[in-house]
Amino acid sequence: MADPTGFLKHERQEPKKKSYEERLSSWGEVYADVSPDERNEQVRTEASRCMDCGIPFCHSGGSGCPLGNLIPEWNDLVRRGDWAAASDRLHATNNFPEFTGKLCPAPCEAGCVLSISPLSGGPVAIKRVEETIAAQSWEAGYVQPQVAEVSSGRKVAVVGSGPAGLAAAQQLTRAGHEVTVFERDDRLGGLLRYGIPEFKMEKKVLDRRLAQLRKEGTKFVTGCEVGVDLSVEDLRAQYDAVVLAVGALRGRDDRTTPGRSLHGIHLAMEHLVPANKSVEGDGPSPVDADGKHVVIIGGGDTGADSYGTATRQGALSVTQLDQYPTPPQTRDDERSPWPTWPYILRTYPAHEEAGERKFAVAVKRFVDDGNGRVKAVELQEVRVQKDPETGRREVVPVNEEVETLPADLVLLAIGFEGVEEMPLLEGLDLTLTRRGTLSCGSDWQTETPGVFVCGDAHRGASLVVWAIAEGRSVAAAVDTFLTGASDLPAPVHPTALPLAVV
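Residues numbered from 1 in each chain as written. Predicted model: local features only at pLDDT ≥ 70, side-chain atom pairs only at ≥ 80, totals over all residues. Heavy atoms only, no water.

**Re the overall build of the protein**
Convention followed: In DSSP terms, a helix is any run of H or I states spanning at least four residues, a strand is any run of E spanning at least two, and both are numbered starting from the N terminus. Within these notes, the globule rule equals 2.2 Å times the number of residues to the 0.38 power, and the radius of gyration is based on C-alpha atoms. Three labels apply to residues, based on accessible area from a 1.4 Å probe with only protein chains included: buried if under 20% of the type maximum, exposed if over 50%, partly exposed otherwise in between.
A tally of regular secondary structure across the protein gives 18 helices and 16 strands. Relative to the globule expectation of 23 Å for 502 residues, the C-alpha radius of gyration of the protein, 23 Å, shows essentially globular dimensions. Based on the C-alpha atoms only, the size of the protein along its principal axes is roughly 70 × 65 × 50 Å. Within the protein, the proportion of its 502 residues that are buried is 50%.

Structure (structure tokens):
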């Protein structure tokens, strides 16, 4: 078993980052390069802090990992240096641990028993252990194609090549079905490719996993929008089942702020996608922060991604705005008690590099430079409250004071409203819910027989770990639909939600 006193001997250890100068002069990942031996030894020490709890909240679907990752098991295997067995246990529940190890915000760590008290030295750095197991798995050759021994003779179409679609495709291919993934973009990966900046996950990591899927037999078609380039009628005629993993990419906008129509104001994805394409070698981005004062509206992950992208593009200044007050540095047990996801201030590596954040402020208006282009934003201090009559959230100025910030480029990172309107949905006779998502039954099947949904298209914009969990679960449902039974794992139910205080 694990070392029950490991956390008393060692404090949590984070990986070292590159210097700010090195990070801002390159699109590479922010963490310093270390030798595999040094990395592995550090992570073995970190893994020894795991207590092997009687009730491991870290891999509970409600309070920790929706994939049900067997975290105490592979922590102990890492502690003992058995990397091959640790790789087996990790891949048993997660198709793409290198993605989650780099991109997941780690609800498992929030559910770690050691996160109850700061006196423990902090929760186990589970995400770091996971990423290291994945890296060692590739370096040692543990990751090999798993080709199905028997073909089912059934064909499945997966629409969308993000993490949910790829997970579903890999599981169904390994179950013996003939799977084709359709992607409307020119390259595969969905938001993994064009939404996640290179400094968070280098695309060679994605390409390496895609090569494995191809060797296993999954087929890919890029530059094909189903419903336009391939008719819905042909799709249904050629495939026995269809999985919709089209994401929830309809960006939220705010057209009510005076001056919103000025040039130089964009949704965040209008900045991130061409920036990522530029890094891929597709030429300069039409929405570039070089030499500009950048204001980012929205305090979440997408805003932080735009933040780091703007600084690397050469922005003169970067300011990120959030309507809410500065969150506390440590967990408030009344607001978000353990093991729920804590409401705390989250500082991403991009925030350490340059620029500043402003809290409890909102844009009063965008200022015109006289030629129809934004030149500044006027800010007011605000508070967010519920309207006592309607219960709706409202943002109210607390005084009449106005602060003016220079702004040549404004990026709106205020969330996503759901699935984009597309001919595919109309062709399948599917309508969106009030939340902008696609509903399904307990078997992940939509109202149209033989058509299934998973990932953000079903859940709304969410975490990469939930996307993979839903992709694995929908694969089990499709396998059952096609063959009558399935041995594929289904880690989450369509109605599953993370534990939260209401």
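**Points about helix α5 (residues 83–91)**
For the record, the criterion: Here the arc refers to the directions that run from the helix axis out to each C-beta atom. Here, two residues are considered to be in contact whenever any of their heavy atoms come within 4.5 Å of each other.
Within the span of α5, buried status applies to Trp83, Ala86, Ser87 and Leu90. Down the axis of α5, the buried set is contained in an arc of 100 degrees. They therefore lie on one face. Tucked into the core, α5 has its buried residues touching α3 (36–47), α4 (71–79), α6 (97–103) and α8 (126–139).

**Describing the UniProt feature "domain: Dihydroprymidine dehydrogenase" (unreviewed entry) in the protein**
This is how the line gets drawn: UniProt positions are given in the numbering used here, feature names are shortened, and annotations may be inferred rather than shown by experiment.
UniProt's feature table lists "domain: Dihydroprymidine dehydrogenase" (unreviewed entry) at residues 32–140, given in the numbering used throughout. Here residues 32–140 runs as 50% helix and 0% strand, with 21 Å between its end C-alpha atoms.

**Details of the sheet that holds strand β6 (residues 265–267)**
The following threshold applies: Pairs of strands are assigned from DSSP output, requiring at least two bridges between the strands. Axis definition: a line fitted to C-alpha atoms, over the contacting stretch in the case of helices. Angles run 0 to 180 degrees between N-to-C directions.
Strand order across the open sheet formed by five strands is β6-β14-β7-β8-β9, with parallel pairing between neighbours. Looking at strand neighbours, the two that pair on one side only are β6 and β9 (356–359), the edges of this open sheet. Ignoring strand direction, the axes of neighbouring strands in this sheet form an average angle of 20 degrees. Bridge count between strand β8 (residues 317–322) and β9: four bridges; the pairing is parallel. Counted as the bridge partner of aspartate 322 is phenylalanine 359 from β9. The sheet contacts of helix α13 (residues 268–279) involve β6 and β14 (409–412), and relative to β6 the element is tilted by about 75 degrees. The strands touched by helix α14 (residues 301–313) are β7 (293–297), β8, β9 and β14; relative to β8, the strand with the most contacts, the crossing angle is about 170 degrees.

**Points about empty space enclosed by the protein**
Note the threshold: Think of a 1 Å grid over just the protein atoms. A cavity is a set of points where a 1.4 Å probe fits yet cannot get out, a pocket is an open set with protein on both sides within 12 Å along at least five of seven lines, and lining residues have an atom within 4 Å of a point. Grid points are joined across faces, edges and corners, and a volume is the space filled by probe spheres set on the points.
For the coordinates displayed, the defined rule picks out two cavities of 30 Å³ or more. The computed volume of the largest cavity comes to approximately 110 Å³. Forming the boundary of the largest cavity are 16 residues, of which Cys50, Cys53, Cys58, Cys112 and Val113 lie nearest the centre. Considering every element that reaches the lining of the largest cavity, the biggest residue donor is α4, with three residues.

**Some points on the side chain of threonine 100**
With respect to the helices and strands, threonine 100 occurs in helix α6. The residues contacting threonine 100, other than those within four sequence positions of it, are Asn94, Lys127, Glu130, Val464, Val465 and Ile468.

**Details of the pattern of salt bridges**
Condition: Think of a salt bridge as a Lys or Arg side-chain nitrogen and an Asp or Glu carboxyl oxygen that are within 4 Å of each other.
Taken as a whole and assessed by the stated rule, the structure comprises 32 salt bridges. One salt bridge in this structure joins glutamate 280 and arginine 193, with 2.9 Å as the shortest N-O distance. Taken as a pair, glutamate 280 in the loop between α13 and β7 and arginine 193 in helix α10 (residues 191–194) lie far apart in primary sequence, 87 residues in all. Residues joined by salt bridges that share partners form a network here, namely Asp186, Arg187, Arg193, Asp207, Glu280 and Asp282.

**Some details on the side chain of glutamate 216**
Here is the rule we go by: Counting of polar contacts relies on pairs of N or O atoms within 3.5 Å, with two restrictions inside protein: one atom must be capable of donating a hydrogen and the other of accepting it, and residues adjacent in sequence are counted only when both atoms are side-chain atoms.
Residue placement: glutamate 216 occurs in helix α11 (residues 203–216). A polar contact of 3.0 Å, which involves the side chain of glutamate 216, links it to the backbone nitrogen of glutamine 146. Non-local contacts of glutamate 216, meaning those with residues more than four positions away in its chain, are made with Gln144, Pro145, Gln146, Val147, Gln170, Thr173 and Arg174.

**Let's talk about the layout of surface pockets**
Left-over empty space is what a probe sized like a water molecule reveals as it rolls over the atoms. Here the second largest pocket defines a volume of roughly 230 Å³. Around the second largest pocket sit 17 residues that line it, and His91, Ala92, Gln146, Arg174 and Gln212 are the ones nearest its centre. Elements supplying a minimum of two residues to the lining of the second largest pocket: α5, α9 (163–174) and α11.

**Brief notes about the pairing of strand β2 (residues 178–183)**
The element β2 is extensively covered by neighbouring structure, given that five of its six residues are classed as buried. Bridge count between strand β1 (residues 155–159) and β2: five bridges; the pairing is parallel. Directly across from alanine 157, in β2, lies its bridge partner threonine 180. Where β2 meets strand β3 (residues 219–222), four bridges bridge the pair, whose relative direction is parallel.

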